[in-house]
Amino acid sequence: MSQTSQVEKGYFGEFGGSFVPPQLEKVLQILADQFEKYKDDEEFNRELQYYFEDYVGRESPLYFAERLTNELGGAKIYLKREDLNHTGAHKINNVLGQILLAKRMGAKRVIAETGAGQHGVATATVCAMFGMDCTIYMGAEDTKRQALNVFRMELLGAKVVAVTKGQARLKEAVDEALADLVANYENTFYLLGSAVGPHPFPTMVKHFQSIISKESKRQILAKEGRLPYAVLACIGGGSNAIGSFADYLEDEEVRLIGIEPAEAATLTKGTTGVIHGFKCLVLQDEEGNPLPTYSIAAGLDYPGCGPEHSQLKTTGRAEYVTVTKAEVLEAFQILSKTEGIIPALESAHAVAYALKLAPTVGKKESIIINISGRGDKDVEQVFAMLKDQ
Ligand SMILES: *Cc1c(COP(=O)(O)O)cnc(C)c1O
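Residues numbered from 1 in each chain as written. Predicted model: local features only at pLDDT ≥ 70, side-chain atom pairs only at ≥ 80, totals over all residues. Heavy atoms only, no water.

**Student:** It is not clear to me how the site of the ligand should be interpreted in this structure. Could you clarify?
**Tutor:** Around the ligand there are 17 residues in total, and K91, S194, G236, G238 and S239 lie nearest to it. Between the ligand and the protein, one listed contact pairs an oxygen atom with a backbone N or O atom of G236 at 2.7 Å. A total of 390 Å² of accessible area belongs to the ligand in isolation, and the protein chains cover 96% of it. Counted by class, the shell around the ligand contains four nonpolar, 11 polar and two charged residues. (Near = heavy atom within 4 Å. Polar contact = N/O pair within 3.5 Å; in protein donor to acceptor, adjacent residues only side chain to side chain. Areas by Shrake-Rupley, 256 points an atom, 1.4 Å probe, with all protein chains shown as cover. Nonpolar A, V, L, I, M, F, W, Y, C, P; charged D, E, K, R; others polar.)

**Student:** Please explain unusual backbone geometry as it appears in this structure.
**Tutor:** What is expected of a backbone is that most residues other than glycine have negative phi and most peptide bonds are trans. With omega at 5 degrees, the peptide bond leading from R58 into E59 counts as cis. Mapped onto the elements, E59 comes out in the loop between α3 (42–56) and β3 (62–64). Cis geometry marks the peptide bond from H199 to P200, where omega comes out at 10 degrees. Positionally, P200 belongs in the loop between β8 (188–190) and α10 (201–209). (Helix = DSSP H or I, 4+ residues; strand = E, 2+ residues; numbered from the N terminus.)

**Student:** Help me understand the side chain of E339, please; the structure alone is not making it clear to me.
**Tutor:** Looking at the secondary structure, you find E339 in helix α15 (residues 325–339). At 5.9 Å, R67 is the nearest oppositely charged side chain to E339, a buried residue that forms no salt bridge. Within the structure, the side chain of E339 is placed 3.1 Å from the backbone nitrogen of R67, a separation counted as a polar contact. In this structure, E339 is in contact with Y63, A65, E66, R67 and L68, ignoring residues within four places of it in sequence. (Buried < 20%, exposed > 50% of the residue type's maximum accessible area, 1.4 Å probe, protein only. Lys, Arg positive; Asp, Glu negative; His and termini not counted. Salt bridge = Lys/Arg side-chain N within 4 Å of Asp/Glu carboxyl O. Contact = heavy atoms within 4.5 Å.)

**Student:** Looking at this model, I keep getting lost on the nonpolar core. Mind explaining?
**Tutor:** One recurring pattern in soluble globular proteins: nonpolar side chains tend to sit buried together. With 58 residues, the main nonpolar core has L96, I99, L101, M153 and F189 as its most contacted residues. Counting residues per element, this core draws most heavily on helix α5 (residues 91–104), which supplies seven residues. When sequence neighbours within four positions are dropped, the list of residues in contact with I99 reads V110, V126, C127, F130, M132 and L191. Ranked by size, the runner-up nonpolar core spans 37 residues in total, among them L79, I296, L300 and L357. (Core = buried A, V, L, I, M, F, W, Y, C linked by side-chain atoms within 4.5 Å.)

**Student:** Honestly, the pattern of salt bridges in this entry has me stumped. Any pointers?
**Tutor:** Close approach of charged atoms lets side chains of opposite charge pair. Overall, the coordinates contain 26 salt bridges when judged by the stated rule. Of the charged contacts in the structure, one is a salt bridge between R169 and D142, with a shortest N-O distance of 3.1 Å. Linking R169 in the loop between β7 (159–163) and α9 (170–184) with D142 in helix α7 (residues 140–145), this pair joins segments that are 27 residues apart in sequence. Residue class for R169 comes out partly exposed when judged on its relative accessible area of 35%. Since its relative accessible area comes to 5%, D142 is described here as buried.

Spelled out as structure tokens, the structure:
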């Protein structure tokens, strides 16, 4: 196989690629070609920009967290407010980009997988807006634990299919969605939720999430006249983090730091393996089966991670660290009390690391924390956890 076809297949060093049956390979190649065709298309980008502004509410502010900064006594802390987007998180950036592509490809039907339901809700939202038929695959176990999200998706007009096979969790939901795609690819678009999966998904999701760092770079240069000391983001599959890092990758002096839960420390502790059709650092047993993970933040509960993060970790361009559940709960409360901003539990992981990092960095420097989502969805869970302490 030639070097170019390796690049075309979406390799990031040894990671990424596409490890899928031939039938699916064909469908993904069509998707890759269409993405290449439209990603720099002027009309496509004009439409995307229109919905970013008028539907999502972009650009999202880069907010100077003055009280938190003073309290910590070190680097200036800036919050990139993805929590202010319509539907309350960064996921809308990606689903909007992909649904515009689905429309261009003539798809009549959109399918997606969801774990806790956040990506399912984001997908159902844009399908409602465009009047597209929407089917969400969700593990039967997850539908029981996340009954309200199932109702949200139904309210938005989506059909939720509870998958009862195997463990009846995210993995089985992905398998069912892929089987649906192979059977119905002529009219169906599979809208994947993070910077994971076989090529072209990691590349495509990064492209649509890069709006975060495009904006933040412009914003920090306007406010500070210089690049930040570091950019911090939490890591589940890695989409908000790769979007937050993208525009700084060439700026070697900017530290890029991904924060994982200690209980799902894929990049910190994982080894090379194949999961869901691509190669990445993964938490696995000796036979290569993914290990169960547990995180208090449902959005971070994934045993693999994006292939580009796996490469950035290997080359050392980005750093990956873990924080504990107790540190996350503390950070969740501190940001709420000092800034009046309740972050998603996922985002609170990045905040938790910033609390440790900022005091060690000079006052002239700045640190950007990507607040990937808002915490309304987590308040009840945190209430229960704090009560038990
Ligand atoms: C889904 C989600 C995440 C994790 O997903 P990534 O692909 O790693 O970004 C993080 N934060 C929030 C608020 C989420 O909804």
